[in-house]
Amino acid sequence: MKFFKISLSLFLCAGIFTVQAQNTDQAPSKYDQHKVFTPLFYPANGNEFREASGTPGPKYWQNRADYKLNVTLDTAKHQVSGTTQITYTNNSPDPLAFLWLQVEQNIYREDSRGEATSPVEGGRFNNKTFTDGDQIKGVYVIKNGKAEKVDYVITDTRMQIKLNDTLRSGGSKIEIKIDYAFDVPEYGTDRMGRKLYKNGWVYEIAQWYPRMEVYDDVTGWNVIPYMGASEFYLEYGNFDYTITAPASLVVVGSGELLNPAEVLTPKIINRLAVAKGSDKTVMIKDSVDLTSKDSYPAKASLTWHFFCKNSRDVSWAASKAFLWDAARINLPSGKKALAQSVYPIESKGENAWSRSTEYVKGAIELYSNEWYEYTYPVATNVAGTVGGMEYPGIVFCSSESQTGGLWEVTNHEFGHNWFPMIVGSNERKYAWMDEGFNTFINKVDTKVFNKGEYFEPQDAQKQAPDMFSPDADAIMNTPDVIQPNFLGYAAYEKPALGLTILREQVLGEQRFDYAFRTYIKRWAFKHPTPWDFFHSMDNAAGEDLSWFWNEWFLTTWKLDQSVKSIDYVENDPSKGSLITIENQEGMALPVTIFVQEDNGKTGTVKLPAEIWQRGGTWTFVYKSTSKITYATIDPDHVLPDVNPENNSLAGTPMPKGITAATVVKAYLDAIGGEDRIKDIKDLTTNSEGVIQGFHIIRVNKYKTPGKFLQDVTVPSFNNFNAAHIVINGDSVSLQLNGRKSQLSGKTEKGAVLARYKLFPELDFNKPGYTMQLDSSIKVINGQLAYLVTVTAPDGIKVKYYYDQKTGLKLKQYTDVVNSTRMEFKDYRDINTGVKIPFDETSSINGEPIDYKLSGATANTGLGDDIFK
C-alpha cells in the first residue's frame, strides 16, 4: 500500500483557508495519546482457568458451600441463636489444611476493626450501639455422623478452622457444624437491624450465620475483613433453613417457603393463591388482619422452613406489624414467580408502599427480558430501618420511602439480583462490578418502567465537576480505600455512566447489549474478575476497548473537549468549512458536534474516539452552505466534560458598541427596570424538584439589604431538612443533611454570598466592583450570549451570561466551588412588573437539580428574626 504524506494541515499552512473564529483562552493541552492508547493494558495472557476471550477456561473451578441453618428469634432478648451446618466441597486443585469463614456480626463489637476505622464525625457504616458480635459456642467437624471439636481462631470478622485432616482436592467434602448466637443491633451499618413501629418490631436479619470465605484461582483465600463499605464475596450452594419465632410474626426469607400449611392459616393461603395468578397486587394481610385471630395459627411459636437453590446467601425478616401483599411475576420462559411486599401500617398508601409490589414485579420482569431471567421463586421487598440493601430474592428498603424514591431504591436493590447474586463478582475488592453495573441497568429500566414515570434524563456535564473532582478516587480501588464522600461516584455513578457511554456513544445499543448479555451468561453463578469482564466485552462486541477500560476505570483522567476554530474555504462559507476541535485533558472519547448556520440549516457530525490517536487536535470538513452561527460539542450533555465553557464557539464577532455596562443595563431593563427592582424589599419563592427519585421542596426568602434564608426538605422522609442556609450581612450559617457545615475559607464564603443575592446586578456599579466583558460571543444551550465577569470587593469573581437577543440572564457561576453554578429559564412577572426565572437548575450537595417555581410573593413584610 502506497503511503501519501499530503494532509489537511498542509493546506492550512498554504493559506487556502482563512481563520474566522477561534477560542483564544485555551490552556495548554494535557492530552497524551500514547498513555490512552497503550498496547500494554492487559497484564497477562489467558490461561486454562480464565481464557483471554473473557470466558471461563476448560479447567475453571470454584468451590461450593451448602448450608443447613436452624435458628430461633427471641423477641424478648432481640437475639438470634442456633446452628450452622456447612457442607463444603473443595473443587480446587489444592489440598486445604485450614478453612476461613466470615463471622460478620463481629463488626458490631466496640473493639471491631470496622469501628476503629470509622470516622469520628459518623457516617452510614458507623455503629450507633454495640453488641457482643457472634457468640461462638462450639465448632465441630462431623465425621461418620459424629461431631468432633476442632481448633479455631477468630480475628475480627474472620474465623480460621484448623483441620486435623487436610481436605483433599478434586471434589472432597467436609461437614462443619457451628453453634452460635448474636444480639440483633438496632442499627446494623444500614444493612440489617430492627425498628419499633406502632404494631411491633420489624427485624431485618442479614450476615446472620458463619459462612465460608471464597477460595479461588486468583488469590486463594479471600480474607479482606468486613469493615462496612465493602460488601461480600461468597460461594454458591443450596440453603435449607428454618426460623422459629412467635406465632404472631410473619416471616419472609430468600427462596421458597416449604411448609405454608404449618405456618399460614387457610385464609392467608387462599389469598396467596389468588396473588400467584394475578398481575394486579392482591392484599394478603391487611390492617384488620393484624389483630384477627384467624390470621395466624393458634400456637405459641412457629417454625418457618425455607429452601433457596443455587444461591450465594440468604436473608430474612420478621414482624407482627407486617402488612403483606403480592402479585404474579411473568418470566420470559413462561415460568412464574411471586412478587411480594411486607411493610408496617405507617408505610401504607398509594404514594408509598402500597405500590411496592408493582415496582418489584415491574423491575424483575424488565430485567429478565433485557438481560437474564430471574432465578428465584419469590421476590420480597421489606420495609424497615434499613435504607436499601440487597440479598438473593429479598431486599430491605426504607419504610419512609415514597413515590419515585421508593421506585428508585426498589429497582436498585432488586437489580442486585443480577449483580452480584447471579454474576458473583468480588464486592470486597470491586464494588463497581456490582454497584456500578446495577446502577447502569437501573437507568435502562427506569427509562421504560410505566412509560418513564420516574425517568429523568441525565446531564453528564453537570455531574462532571464532582465526578472528576481534584481529590477523586479511581474506580479500580477497594471500597474501604475510597473516600466515603466519593464512594457514590466511584462505585455507582461513574461506572454506570461509563457503560452508558459505551452503549450509546461507542458501540451502539445492539452491539453493547449482545456483549453484556454474553458476559452475564458466561459468568452466571461464577466469579469473574475485572479482566474477565473487559476481555468478554471486547470479544463479544468485536472492539478493542482497552483504551476505554484504562482511562475510565484505572485513572482519574478528565474529559475536556473544545471547539478551537472555525475556518472557511477561500473565505467563502458556501464552499465548506473546517472545524478544529481539541482534547484538553487526559481522556479520549467520541465526539458529537452540532452546527447551526446563519441560514437556519443545522447538522450533526459524529466522530469516533480514534481521531485522538494521532494527538490532541483534529480538524474535519463540514459541508456548510452559509456562515456558521456556532458549533457545539456534545449538545445533549451525554459526556462528563469538566469544562463545558469551551464546548461551543460562535462564528460571529462581538457587535460594536457593546460594553459590560450596556449588557447589564439590558438585563435590568428586560426583567422590569431598575426602579421597579429596587421597590422589591423582600421576596419569598417556593419551588419543587426531583433528585434521584426523591421529591424536593425548596423555600427561599430574601430581604434587602443582604438577608437570605433557604430550606430544602424531602417530604417522603418526614420533611427531612437536606439544606438550611441563613445569610445576614456577612454572616453565613450552613447546614447540610442535618449537620452544620463549615465553609473552608474566605473565598467559599464569598462565593455563597454572591450566589444568594436577590438581584446582584444592582451592586455592580458600587465602589469596589469591576465588570469585564469577554471579547467573544458565548453559546449557552444553543443561545448566543454575552459573558460579563464581575469581581466583588472581596475578590470573588462570578461569571454572568446574558442572552444576546432578550438580555435575560441565562447562567452564572464561580470557579470557587461547583455548588455556585446556576442556570435560568422561563422568566415570568411576579405581579410587581418584575420578572424572575421560574425554572432554575441548581445543585444540592453537589447534585444538579432542576427546580420549578410554584409560587412567588413580594413585599410581604418579612421580619428580621427569621434570618438569625
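Cut-offs and rules
- Along each chain, residues carry numbers from 1 onward, in the same order as the chain's sequence is written.
- Totals for whole chains, interfaces and linings use all residues, but because this is a predicted model, local features are given only for residues with pLDDT of at least 70 and pairs of side-chain atoms are given and counted only at 80 or more.
- Here the side-chain values reflect all heavy atoms present in the structure, with hydrogen atoms and water set aside.
- Numbering of helices and strands starts at the N terminus; helices are DSSP runs of H or I of at least 4 residues and strands are runs of E of at least 2.
- In this analysis, the expected span of each helix is defined as 1.5 Å times one less than the number of residues it contains.
- Only protein chains enter the accessibility calculation, which uses a 1.4 Å probe. A residue is then buried if its area is under 20% of the maximum for its type, exposed if over 50%, and partly exposed in between.
- Here, strands pair whenever DSSP counts at least two bridges between them.
- Contacts between residues were defined by any pair of non-hydrogen atoms, one from each residue, lying within 4.5 Å.
- The criterion is simple. A nonpolar core is a set of buried Ala, Val, Leu, Ile, Met, Phe, Trp, Tyr and Cys residues joined through side-chain atoms within 4.5 Å.
- A pair of aromatic rings is counted whenever rings of Phe, Tyr or Trp (Trp by its six-membered ring) have centres within 6.5 Å, and the orientation is called stacked for planes under 30 degrees apart, edge-to-face for over 60 and tilted otherwise.
- Per residue, pLDDT captures the predictor's confidence, and it can take any value from 0 to 100.
- The definition used for a disulfide is geometric: two cysteine sulfur atoms within 2.5 Å.
- Basic side-chain nitrogens of Lys or Arg form a salt bridge, by our definition, when they fall within 4 Å of a carboxyl oxygen of Asp or Glu.
- Angular values range over 0 to 180 degrees, each being the angle between N-to-C directions of two axes fitted as lines to C-alpha atoms, with helices fitted over their stretch in contact.
- A clockwise turn of the near helix away from the far one marks a right-handed crossing, whereas an anticlockwise turn of less than a right angle marks a left-handed crossing.
- When residues are grouped by polarity, Ala, Val, Leu, Ile, Met, Phe, Trp, Tyr, Cys and Pro land in nonpolar, Asp, Glu, Lys and Arg in charged, and all others, Gly among them, in polar.

## Some details on helix α7 (residues 403-415)
- The end-to-end C-alpha distance of α7, which contains 13 residues, comes to 18 Å, matching closely the 18 Å that a straight helix rising 1.5 Å per residue would cover.
- Three or more residues of α7 are buried, namely Gly 404, Gly 405, Leu 406, Trp 407, Val 409, Thr 410, Asn 411, His 412, Glu 413, Phe 414 and Gly 415.

## Considering the sheet that holds strand β10 (residues 187-188)
- As summarised here, the arrangement of the five strands in space is β10-β11-β12-β21-β17, forming an open sheet in which the pairing is antiparallel. Edge positions in the sheet fall to β10 and β17 (250-253), since each of these pairs with one other strand and no more.
- Pairing between strand β12 (residues 200-205) and strand β21 (residues 316-319): three bridges, direction antiparallel. Each residue of the ladder has a partner; that of Glu 204, found in β21, is Ala 317.

## A look at the pairing of strand β16 (residues 237-246)
- Burial runs high along β16: seven of the ten residues are buried.
- As paired elements, strand β2 (residues 64-74) and β16 share six bridges and run parallel to each other. Residue pairing across strands places Lys 68 opposite Asp 240, the latter belonging to β16.
- Inspection of the sheet shows β16 paired to strand β20 (residues 301-311) by nine bridges, in the antiparallel sense.

## A word on the environment of Ala 247
- Looking at the secondary structure, you find Ala 247 in the loop between β16 and β17.
- Placed 57 residues apart in sequence, Ala 247 and Trp 304 show a C-alpha to C-alpha distance of 9.9 Å.
- Setting aside its immediate chain neighbours within four residues, Ala 247 contacts Tyr 296, Pro 297, Lys 299, Ala 300, Ser 301 and Leu 302.

## Section: the nonpolar core
- Residues Tyr 88, Leu 99, Trp 208, Phe 516 and Phe 533 are the most contacted members of the largest nonpolar core, which totals 186 residues.
- Ranked by residues supplied to this core, first place goes to helix α10 (residues 487-506) with nine residues.
- In this structure, Val 664, Leu 668, Phe 708 and Ile 777 belong to the second largest nonpolar core, which totals 46 residues.

## Observations regarding the packing of aromatic side chains
- Scanning the entire structure with this criterion turns up 63 aromatic pairs.
- Relative to Trp 552, the ring of Phe 468 lies with its centre 5.9 Å away and its plane at 75°, an arrangement referred to as edge-to-face. Here Phe 468, found in the loop between α9 (460-467) and α10, pairs with Trp 552, found in helix α13 (residues 546-553); they are 84 residues apart in sequence, far enough to count as distant.
- Here Phe 468 falls in the buried class, since its relative accessible area comes to 3%.
- When the centroid spacing of 4.5 Å and the interplanar angle of 15° are considered together, the rings of Phe 708 and Tyr 756 count as stacked. Linking Phe 708 in strand β36 (residues 707-714) with Tyr 756 in the loop between α16 (746-755) and β40 (770-773), this pair joins segments that are 48 residues apart in sequence.

## Section: the confidence of the model for the chain
- Per-residue pLDDT for the chain has a mean of 93; in total, 95% of the residues score no lower than 70.
- Taken as a whole, residues 1-19 scores under 50 in pLDDT and shows 21 contacts with residues more than four places along the chain or in a different chain.

## Re the state of the cysteines
- In this structure the tally under the stated criterion is zero disulfides.
- This cysteine, Cys 308, is not joined by any disulfide, and Cys 397 carries the nearest cysteine sulfur, 18 Å off.
- What makes Cys 308 buried here is its relative accessible area of 1%.

## Looking at the pattern of salt bridges
- Counted by the stated rule, this structure contains 43 salt bridges.
- Between Arg 211 and Asp 313 there is a salt bridge, and its shortest N-O distance comes to 2.8 Å. On the criterion of sequence distance, the pair formed by Arg 211 in strand β13 (residues 211-212) and Asp 313 in the loop between β20 and β21 is long-range, its members being 102 residues apart.
- As a salt-bridge pair, Arg 503 and Glu 509 come within 3.7 Å of each other at their nearest N and O atoms.

## What to know about the packing of α9 against α10
- Orientation of α9 relative to α10, taken along the N-to-C sense of each, is 145°, at an axis distance of 12 Å. The interaxial crossing formed by α9 with α10 has left-handed handedness. From α9, Ala 460, Gln 463, Asp 466 and Met 467 reach across to α10, where they touch Tyr 489, Glu 493, Lys 494 and Leu 497.
- Split into classes, the residues belonging to the contact of α9 with α10 amount to four nonpolar, one polar and three charged.

## Some thoughts on unusual backbone geometry
- Cis geometry marks the peptide bond from Phe 419 to Pro 420, where omega comes out at 15°.
- Tracing the chain through its elements places Pro 420 in the loop between α7 and α8 (435-448).
- In this model, Thr 704 is joined to Pro 705 through a cis peptide bond whose omega is -5°.
- Mapped onto the secondary structure, Pro 705 falls in the loop between β35 (694-703) and β36.
- Here His 78, not a glycine, exhibits a phi torsion of approximately 55°, which is positive.

## Let's talk about the sheet that holds β13
- Strands sit in the order β7-β8-β4-β13 across an open sheet of four strands; the sheet is antiparallel. If you trace the sheet from one side to the other, it starts and ends with β7 (151-155) and β13, each paired once.
- Where strand β4 (residues 96-102) meets β13, two bridges bridge the pair, whose relative direction is antiparallel. Bridge pairing in β13 places Leu 101 opposite Met 212.

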